[in-house]
Amino acid sequence: MYKRQIYNNIIDNNRINEPYDKHGTGIDIRRTTNIIIKNNIITNHPISQNIGGGIYLSDCKKTTIEKNNITKNGLGIKIWSNYKDIIPNYTIKNNNFIKNKIQAEFYYRFPQGLLEKTTWNQNYWDNHHNKQKIKTILGYLAILNKKYTILAIIPYLDFDKQPAEKPYNIKI
């Protein structure tokens with residue numbers, strides 16, 4: 001499912017278990033505003049050419065991802081933000097991340113990525129075994145030139161400060 005430059009939409013109650021493109025993406029959303037992705041089952045999406053996976057988001061504003069089963073993907077969710085005039089914001093909450101090779105990762109353009117507003121909250125992570133009750137999500141700040149070529153990548157961390165202890169019962 002690919003959507004670009006759409007506004008005020010809800011992607012709800014879908015079973016997405018076949019990649020829509022050669023890269024293996026389940027849901028691919030780019031340069032959108034006010035999108036809700038909820039109550040979906042997203043499974044069996046590989047990674048090809050460093051693209052693909054369950055959910056791919058690029059330069060979106062006011063995006064909420066909630067109550068989804070994101071399972072058995074090469075990459076559960078990937079966030080990419082590279083436009084210098086857009087400071088995206090995402091709320092990712094109450095999802096199940098189960099048996100993905102990589103649960104989540106993000107790439108933010110530097111320095112705009114320091115202003116990025118992504119909130120990870122109460123997601124279930126099957127590979128989370130931290131007694132401190134915080135899930136670390138590895139991402140990167142990318143330094144780009146005017147042609148959007150990556151010049152350097154700096155590791156950057158984000159956190160789900162209240163990960164769920166049990167998976168959610170999400171049905172469609």
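Everything that follows concerns the structure shown earlier in this document.
Residues numbered from 1 in each chain as written. Predicted model: local features only at pLDDT ≥ 70, side-chain atom pairs only at ≥ 80, totals over all residues. Heavy atoms only, no water.

Student: Would you take a moment to explain the pairing of strand E17 (residues 135–144) for this structure?
Tutor: Regular strands place their side chains on alternate faces of the sheet. When you tally the buried positions in E17, you get seven out of ten residues, the bulk of the element. In terms of strand pairing, strand E14 (residues 102–109) meets E17 through four bridges, oriented parallel. The residue of E17 that forms the bridge with arginine 109 is alanine 142. One ladder, built from ten bridges, connects E17 with strand E18 (residues 150–160); its direction is antiparallel. Each residue of the ladder has a partner; that of leucine 144, found in E18, is isoleucine 150. (Buried < 20%, exposed > 50% of the residue type's maximum accessible area, 1.4 Å probe, protein only. Helix = DSSP H or I, 4+ residues; strand = E, 2+ residues; numbered from the N terminus. Pairing = 2+ DSSP bridges.)

Student: So what exactly am I meant to see when it comes to the sheet that holds strand E10 (residues 69–71) here?
Tutor: Within a sheet, neighbouring strands are paired by backbone hydrogen bonds and run either parallel or antiparallel to one another. The sheet built from five strands is open, its strands ordered E3-E6-E10-E13-E16 with parallel pairing. Where the open sheet ends on each side, the last strands, each with one partner, are strand E3 (15–16) and strand E16 (124–125). Bridge count between E3 and strand E6 (residues 41–43): two bridges; the pairing is parallel. Within E6, the position partnered with arginine 15 by the bridge is isoleucine 41.

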